[in-house]
Amino acid sequence: DLSGLTDGPITVSISATDTAGNSANGTGDSSTKDTVIDTPTVMLTNDSGSNGSDLLTNDAALTFSAGAGDVTRSFIVDGGAPSASYTAPTGQGGHTVQVIDTDAAGNTANASITFTLDTSAPNAPTILLAEDNVGADTGNLASGATTDDRRPVLRIGLNGTNAEAGDSVQIFSRVDFMIAAAISANDLNNHYVSVTPPTLADDIYDFSAKVIDVAGN
């Protein structure tokens, strides 16, 4: 029984002795015992969106650890047939990917990851109004109006955007990012979110808005 031997080279020799004291040596044999294989690792290459560790992403690319030289690697996506290479799934929703390593001695090790793929971008919101709350003349500002309120409140309409609680709305002036605000369940019930920009210098501002979902779309 050689099961108690540690991994590494093994040399076996045989000799036999009969009752008369005669002996003979058999032909020796050498081999290597190998029962160890490193466990592979797998992770999202880009866990996109507002939370970099929630396994909710718009990018199904995966990063795998390198296998040893004698390792054959296979991949199983969503319980399908094994493949010698990883093909990223494209369907929306949950996916499970298993990576299986087998070395020359027949040892196997595996790892898996389950993630949610969301590549569907929200629709564009609308800026319903800008509100002046400073000075003698207050109220809603018409497009092209002049205001003395350096932080006018912008009301961003959410109807038709497919936004969900936890998404965010980003405000721009021309191409310059100004501020982002989280969208709450209450905002969704109201069908708008109010955003106050940072203090504005004297200038002309052309506001626009977009919704970014938690997956980064």
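Just so it is clear, the model here is predicted, and its values are computed rather than measured. (Residues numbered from 1 in each chain as written. Predicted model: local features only at pLDDT ≥ 70, side-chain atom pairs only at ≥ 80, totals over all residues. Heavy atoms only, no water.)

Time to look at the environment of Ser 184. Position of Ser 184 relative to the elements: it lies in the loop between β15 (176-182) and α1 (185-190). Given the relative accessible area of 30%, Ser 184 is considered partly exposed. For the pair Ser 184 and Ala 163, spaced 21 residues apart in sequence, the C-alpha to C-alpha distance is 9.8 Å. (Helix = DSSP H or I, 4+ residues; strand = E, 2+ residues; numbered from the N terminus. Buried < 20%, exposed > 50% of the residue type's maximum accessible area, 1.4 Å probe, protein only.)

We now examine the layout of surface pockets. Each pocket or cavity is described by its volume, and for the largest pocket that value is around 680 Å³. In terms of lining residues, the largest pocket is bounded by 24 residues, among which Leu 141, Ala 145, Thr 147, Tyr 205 and Phe 207 are the most central. Split into classes, the residues belonging to the lining of the largest pocket amount to 14 nonpolar, four polar and six charged. In this structure, the second largest pocket spans a volume of roughly 150 Å³. Lining the second largest pocket, in full, are Leu 56, Asp 118, Ser 120, Ala 121, Pro 122, Asn 162, Glu 164, Asp 167, Asp 213 and Val 214. Along the lines of polarity and charge, the residues of the lining of the second largest pocket split into four nonpolar, two polar and four charged. (1 Å grid on protein atoms, 1.4 Å probe; cavity = no way out; pocket = protein on both sides within 12 Å on 5 of 7 lines; lining within 4 Å. Points joined across faces, edges and corners; volume = space filled by probe spheres on them. Nonpolar A, V, L, I, M, F, W, Y, C, P; charged D, E, K, R; others polar.)

To continue, consider the pattern of salt bridges. Close approach of charged atoms allows side chains of opposite charge to pair. This model, assessed by the stated rule, comprises two salt bridges. The residue Arg 73 makes a salt bridge to Asp 101 at a minimum N-O spacing of 2.7 Å. Taken together, the residues span a long stretch of sequence, with Arg 73 in strand β8 (residues 72-77) and Asp 101 in strand β9 (residues 93-102) at a distance of 28 residues. Using a relative accessible area of 18% as the deciding quantity, one classes Arg 73 as buried. (Salt bridge = Lys/Arg side-chain N within 4 Å of Asp/Glu carboxyl O.)

For Leu 55, which is not glycine, the phi dihedral falls at a positive 60 degrees. Tracing the backbone through its elements, the reader meets Leu 55 in the loop between β5 (42-44) and β6 (56-57). By relative accessible area, Leu 55 is classed as partly exposed at 35%. A positive phi angle is found at Asn 162, which is not glycine, with a value near 65 degrees. Residue placement: Asn 162 occurs in the loop between β13 (153-157) and β14 (168-173).

What follows concerns the pairing of β15. Pairing of β14 with β15, which is carried by six bridges, proceeds in the antiparallel orientation. Bridge pairing in β15 links Gln 170 to Ala 180. In sequence, β14 turns back onto β15 through a hairpin of two residues, with Arg 174 there showing a positive phi of about 55 degrees. (Pairing = 2+ DSSP bridges.)

That's the geometry; what it means functionally is another story.
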